[in-house]
Amino acid sequence: MYELGNLKLKSRIFLAPMLEPNDIAFRLLCQRCGSGLNFTGMTSPFSKHEIHLDDKPAMQLFGNSPRGIRAFLKKYDDKVSMWDFNLGCPSTSSEKMGHGAYMHEDLETIGKVFFYMRKNTAKPCSVKLRKSPNALKIAKMAEDAGFDMVTIHPRTFKQGYSGKADYDYALKMKEELKIPVCYSGDVNEKNIAVILKDFDFVMIGRSAIGNPNIFGGEKVGFLDYLKLALKYGIYFRQIKFQAMCFTKGEVSARSMRRDLVYAKNLEEVEKVFIKSLN
Ligand SMILES: Cc1cc2nc3c(=O)[nH]c(=O)nc-3n(C[C@H](O)[C@H](O)[C@H](O)COP(=O)(O)O)c2cc1C
């Protein structure tokens, strides 16, 4: 067992927060395969949607207003393992709203958010950062606020998801901090063991999309996803998106994807995968 704040975890390998792929059915499969902790995609504290949390994930929040955080934490605190704050999203909508990676200059608001989070929950809290001139300062603010972990994705917001992830930058951050550091950025089957020698935790993002088996353990596939998706009432477009993702690594991936493009209902989507088993 590994400790993260007051949590006991079976693995140091986590599912990274990803807005589109991390629906409840997908997260439950990652957990079944051995993910030590799942992160939800970024969630607004003003969200009115029903949020399924049966995997007891780390729920990630975003926004530049500490308002609303208290009520949201109270509402979901029993159902999550941990709370995370997003300071990494590089999207244009985050730019317009001054959220995510675009908040790094606003240390005052960040300080308030950390304060409200820490004050309103006994669960572990963390922050996810990108590389920036203020990233280390913010990480230290999190440490001083009583946070339990910092995740670093060492790319600038301008790099988005491409270009080299600056591993040395992340190492330097690890050296400077007393609290555990989780590494994110191009993590895959080949480099995970090395990263775990340098960092306390690691999270897998894109390599896990359509591939919960990357966490090891039980073998699962799209049909397992579908069963869970139906249980949770996940809508058709999302199921089709996941179906496309799950073709990754299939021998007939190209023709499966072509068939999926034309699939108009669940039966047709399911048929594509049943055909691939024969
Ligand atoms: C489709 C997609 C959605 C993402 N959504 C989020 C998000 O909601 N919050 C967040 O902090 N990071 C988000 N990320 C970033 C990942 O958590 C991760 O830091 C990044 O992809 C680098 O890791 P990787 O190379 O293992 O994918 C997202 C990434 C992808 C590919």
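Scroll up a little and you will see the structure.
This section reports on the structure supplied with the text. In this text the structure is predicted, and so the values were computed from the model without any measurement.

### Points about helix α1 (residues 24-33)
Right, on to step 1. Of all the 10 residues making up α1, eight are buried; the element is thus mostly covered by neighbouring parts of the structure.
Right, on to step 2. Of the positions making up α1, those classed as buried are I24, A25, F26, R27, L28, L29, C30 and C33.
Right, on to step 3. Where α1 is buried, its residues meet β3 (13-15), β4 (39-43), α8 (222-231) and α9 (236-246).
Right, on to step 4. With a side-chain oxygen positioned 3.1 Å from the backbone nitrogen of A25, the residue opening α1 is D23.
Right, on to step 5. G34 occupies a position one or two residues after α1 and carries a positive phi of about 125 degrees.

### Topic: the packing of aromatic side chains
Right, on to step 1. Inspection of the entire model under this criterion finds 14 aromatic pairs.
Right, on to step 2. Ring plane angle 65 degrees and centroid distance 6.1 Å describe the contact between F72 and W83, whose orientation is recorded as edge-to-face. Here F72 is found in helix α2 (residues 69-76), whereas its partner W83 is found in strand β6 (residues 82-87), with 11 residues between them in sequence. Across the pair, W83 and F72 agree in class, each one buried.
Right, on to step 3. Aromatic rings pair up to connect F222, Y225, F246 and F273 into one cluster.
Right, on to step 4. In this structure, R130 is placed above the aromatic ring of Y161, and the distance from its NZ or CZ to the ring centre is 5.3 Å.
Right, on to step 5. It is K131 that lies over the ring of Y169; its NZ or CZ is 5.6 Å from the centre.

### A look at the pairing of β4
Put simply, side chains in a regular strand alternate between the two faces of the sheet.
Right, on to step 1. With respect to burial, β4 is a largely interior element, five of its five residues being buried.
Right, on to step 2. One ladder, built from three bridges, connects β4 with strand β5 (residues 58-61); its direction is parallel. Looking at the pairing, M42 lines up with Q60 of β5.

### What about the site of the ligand?
Right, on to step 1. Around the ligand, a shell composed of 19 residues is seen, among which P17, Q60, S184, D186 and R206 lie nearest.
Right, on to step 2. Protein chains shield 90% of the accessible area of the ligand, which is 610 Å² for the free molecule.

### Focus: unusual backbone geometry
Right, on to step 1. The phi angle at K56 is positive, at roughly 45 degrees, despite the residue not being glycine.
Right, on to step 2. Relative to the helices and strands, K56 resides in the loop between β4 and β5.
Right, on to step 3. At D186, a residue that is not glycine, the phi angle is positive and equals roughly 60 degrees.
Right, on to step 4. Checked against the element boundaries, D186 lands in the loop between β9 (181-184) and α7 (192-198).
Right, on to step 5. Residue D186 is classed as partly exposed on the basis of its relative accessible area, which comes to 39%.

What counts and what doesn't
- Residues numbered from 1 in each chain as written.
- Predicted model: local features only at pLDDT ≥ 70, side-chain atom pairs only at ≥ 80, totals over all residues.
- Heavy atoms only, no water.
- Buried < 20%, exposed > 50% of the residue type's maximum accessible area, 1.4 Å probe, protein only.
- Helix = DSSP H or I, 4+ residues; strand = E, 2+ residues; numbered from the N terminus.
- Contact = heavy atoms within 4.5 Å.
- Polar contact = N/O pair within 3.5 Å; in protein donor to acceptor, adjacent residues only side chain to side chain.
- Phe/Tyr/Trp six-rings, centres within 6.5 Å; stacked < 30°, edge-to-face > 60°.
- Lys NZ or Arg CZ within 6 Å of the ring centre and 35° of its normal.
- Pairing = 2+ DSSP bridges.
- Near = heavy atom within 4 Å.
- Areas by Shrake-Rupley, 256 points an atom, 1.4 Å probe, with all protein chains shown as cover.

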